[in-house]
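# Tertiary structure, described
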Amino acid sequence: SPLCLCVSVVDSPVQRFTQLFIEMDRTKRTSEKVAAMERYFREVPSEDAAWALFFLSGRKLKRLVPSGVLHDAIAEVTALPDWIISESYQSVGDFAETLALLFPHDRSKPTPGPIALHQLVNDRMLRLRSIADPKDQRALIVQTWNERDAAQRLVFNKLITSNFRVGVTQTLVVRALAAVAGVTPAIMAHRFAGAWEPTPDSFERLMTGGVGGDSAGAIGDLAQPYPFYLAHPLVQPPEELGAVSDWQIEWKYDGLRAQLIHRELATLIWSRGDELISGAFPEIAEAAADLPPNTVLDGEIIAWEDDRPLPFALLQRRINRKQVEAALWTDVPVAFIAFDVLEENGNDLREQPLVDRRRKLDELLSQLPPNASIKPAPLLSARTWSDLSQHRLASREHSVEGVMLKRLSSTYGVGRKRGDWWKWKIDPYTVDAVLIYAQGGSGRRSGLFTDYTFGVWDRPDESQGNGGDGRELVPVAKAYSGLTDDEIRQVDRFIRRNTIEKRGPVRIVKPELVFELAFEAIQPSNRHKAGLAIRFPRMNRWRTDKKPEDADTLETLQALLRSTMRENREER
């Protein structure tokens with residue numbers, strides 16, 4: 001950020017965190033980012049390190065203050081009219097930075113007194129949440145702005161707007177912590193998995209191994225999930241992977257990745273996002289009671305009926321529920337499709353080859369009743385890569401996204417590593433749509449219009465009087481990925497020259513640009529004007545060869561929706 005890079009640094013706890021932000025914002029080299037985090041965690045007390053780790057790892061505090069209160073606060077301080085604040089935000093693209101830039105910086109003011117990061121969080125940020133009167137919230141925000149320098153204000157703004165980003169993944173944060181603690185990244189990743197609170201005690205346990213320390217079996221807290229091992233998309237021809245006989249082949253399901261931990265006193269289900277979701281899937285937890293204690297399974301939770309998956313849209317009715325009423329058990333039946341065993345009788349199996357882990361998984365699950373909600377992932381057989389291609393092409397008939405390839409000799413790693421686990425998804429659905437709305441991006445894309453809404457043609461009732469051929473563009477998808485940096489700049493210039501109307505941060509543009517959108521699934525939706533929603537839309541290519549009138553119609557998408565719904569019914 002140009003704002004923070006020009007500010008001198010003073011030695012105070014909050015400024016030390018601000019300096020860390022500056023150091024990591026200045027570089028794109030991961031080694032320099034990791035080194036900066038190492039220095040920080042070695043130097044600061046646990047009270048500050050805990051909160052720094054909370055923010056660096058992507059965790060966020062629940063909404064502290066509405067954006068309208070921040071808008072009113074900066075308007076009060078600067079006496080600027082609303083339109084200047086709005087235009088400034090459109091130009092900068094980041095609300096936190098806009099607030100920091102607009103605040104009148106008085107270099108003659110004395111250096112702010114020291115305040116610890118944990119004090120800033122507890123005495124200012126969390127206090128904002130407990131204040132009901134927006135006027136009192138504004139007063140506390142302005143007081144904090146006045147007490148901090150320009151760089152500290154920027155960081156404070158980013159924290160309270162939940163927009164703190166420094167270009168590091170949790171994997172890099174874990175690397176830095178592991179170096180400070182003197183353990184391997186794998187051990188640190190497991191310590192940090194699951195529910196973690198930003199307290200000094202939690203941070204100390206993280207750095208020392210917690211109660212009981214690390215053991216040769218399961219590492220650290222027995223309630224914690226292991227770090228998930230992830231697959232890479234297969235982009236090269238599968239023949240380059242060697243002999244097909246070296247690989248375990250499974251279906252690629254569209255569900256919720258999870259780990260099931262069964263202990264003597266409890267069964268826990270963790271999502272890949274480190275959320276405890278046992279309450280949303282009680283039948284899976286009940287089924288685990290028939291497993292031996294101290295078993296940990298890796299798998300996918302899927303809406304499931306009659307031995308086949310149901311659409312992901314059904315599963316969404318279960319997600320984010322702490323408890324599930326009995327009616328949903330039958331309305332949205334689910335299953336845990338297990339594809340790996342990470343722990344058996346308290347023994348960590350992750351270093352064993354997959355072929356052995358799979359054999360043990362089958363032995364474990366053979367003890368469960370046939371109708372249990374925990375099932376082994378079916379294995380596919382293929383004598384040649386051509387056979388495998390046929391399986392992949394038949395994926396939609398089985399309501400799956402493609403196939404998984406896992407090397408039989410592979411251990412269970414940490415994070416996403418190339419070489420041993422691949423996902424080979426089926427080609428997506430596509431539709432040609434017209435760009436109709438645009439919004440500014442954030443972060444690296446600040447100052448550019450990069451978030452787009454696309455529409456397809458519909459023919460409304462004649463009473464609507466649209467003129468012309470009676471057609472209108474109905475929004476069907478939002479997308480922001482898929483274009484090169486050069487294409488983004490070209491589209492940005494078009495949007496600025498061809499804006500018809502502004503509605504807050506949204507620009508309505510001339511409907512002239514056509515893009516091919518790729519998406520994974522389509523489902524009915526009462527929340528959208530089009531009556532449908534498409535899953536994971538992204539820009540596949542810019543169709544410069546097509547005119548707007550050549551774009552697809554809503555009727556085309558409706559026909560696709562009817563077709564997929566009919567196929568699902570027939571398969572069930």
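The structure this text deals with has already been given above.
Residues numbered from 1 in each chain as written. Predicted model: local features only at pLDDT ≥ 70, side-chain atom pairs only at ≥ 80, totals over all residues. Heavy atoms only, no water.

## As for the pairing of strand β4 (residues 256-262)
Of all seven residues that make up β4, seven are buried, and the element is covered over most of its length. Here β4 shows two buried faces, one formed by Leu256, Ala258, Leu260 and His262 and the other by Arg257, Gln259 and Ile261. Taken together, the seven bridges between β4 and strand β6 (residues 295-305) define a ladder with antiparallel strand orientation. In the strand pairing of β6, arginine 257 is matched with glutamate 300. (Buried < 20%, exposed > 50% of the residue type's maximum accessible area, 1.4 Å probe, protein only. Helix = DSSP H or I, 4+ residues; strand = E, 2+ residues; numbered from the N terminus. Pairing = 2+ DSSP bridges.)

## Some thoughts on the nonpolar core
Grouped together as the largest cluster of nonpolar side chains are 64 residues, with contacts concentrated most on Met37, Phe41, Trp145 and Phe203. Non-local contacts of tryptophan 145, meaning those with residues more than four positions away in its chain, are made with Leu70, Ala73, Ile74, Val77, Leu99, Phe103, Arg153, Phe156 and Asn157. Ranked by size, the runner-up nonpolar core spans 32 residues in total, among them Leu513, Ile534, Trp542 and Leu554. (Core = buried A, V, L, I, M, F, W, Y, C linked by side-chain atoms within 4.5 Å. Contact = heavy atoms within 4.5 Å.)

## A look at the pairing of strand β14 (residues 421-425)
Two faces belong to every sheet, and in a regular strand the side chains alternate between them. In the sheet, strand β2 (residues 232-233) pairs with β14 via two bridges, with the strands oriented parallel. Across the sheet, histidine 232 pairs through a bridge with tryptophan 422, a residue of β14. Both strand β12 (residues 402-407) and β14 contribute to a ladder of five bridges, which runs antiparallel. Across the sheet, the residue bridging to lysine 406 is tryptophan 421, located in β14.

## Digging into unusual backbone geometry
One non-glycine residue, aspartate 307, adopts positive backbone phi at about 60 degrees. Residue classification places aspartate 307 among the exposed positions, given a relative accessible area of 63%.

## Observations regarding helix α3 (residues 30-43)
For α3, spanning 14 residues, the distance from its first C-alpha to its last is 20 Å, which sits close to the expected 20 Å at 1.5 Å a residue. For α3, the complete set of buried residues consists of Lys33, Val34, Ala36, Met37, Tyr40 and Phe41. The buried residues of α3 occupy an angular sector of 160 degrees when the element is viewed end-on, so they sit on one face. (Expected span 1.5 Å × (residues − 1). Arc of directions from axis to C-beta.)

## A closer look at the packing of aromatic side chains
All chains considered together, the criterion is met by 19 aromatic pairs. Taken together, a centroid distance of 5.3 Å and an interplanar angle of 75 degrees make the contact between tryptophan 51 and phenylalanine 54 edge-to-face. With tryptophan 51 and phenylalanine 54 both in helix α4 (residues 46-56) and three residues apart, this pair spans about one turn of that helix. Here the two residues tryptophan 51 and phenylalanine 54 agree in accessibility, since each one is buried. The rings of Phe17, Phe21, Tyr40, Phe41, Trp51, Phe54, Phe55, Phe164 and Phe203 are connected pair by pair, giving a single aromatic cluster. For lysine 406, the ring lying beneath its charged end belongs to tryptophan 421, and the centroid distance is 4.2 Å. Across the ring face of phenylalanine 312, the terminal group of arginine 535 is positioned such that the distance to the ring centre comes to 3.7 Å. (Phe/Tyr/Trp six-rings, centres within 6.5 Å; stacked < 30°, edge-to-face > 60°. Lys NZ or Arg CZ within 6 Å of the ring centre and 35° of its normal.)

## Examining the pattern of salt bridges
This model, assessed by the stated rule, comprises 30 salt bridges. In this structure, glutamate 147 and arginine 124 form a salt bridge, with 2.9 Å as the shortest nitrogen-oxygen distance. Within this pair, whereas glutamate 147 is found in helix α9 (residues 134-147), its partner arginine 124 is found in helix α8 (residues 117-130), the two being separated by 23 residues in sequence. Judged by relative accessible area, glutamate 147 falls into the partly exposed class, the value being 31%. Here arginine 124 falls in the buried class, since its relative accessible area comes to 12%. With a closest N to O distance of 3.2 Å, aspartate 427 and arginine 392 form a salt bridge. You can see aspartate 427 sitting in the loop between β14 and β15 (429-440) and its partner arginine 392 sitting in helix α18 (residues 385-393), a full 35 residues away along the chain. We classify aspartate 427 as exposed; its relative accessible area is 53%. Accessibility expressed as a relative area gives 12% for arginine 392, which makes it buried. Ionic contacts of the salt-bridge type, sharing partners, join the residues Asp432, Glu516, Arg541, Arg543, Asp545 and Lys546 into one network. (Salt bridge = Lys/Arg side-chain N within 4 Å of Asp/Glu carboxyl O.)

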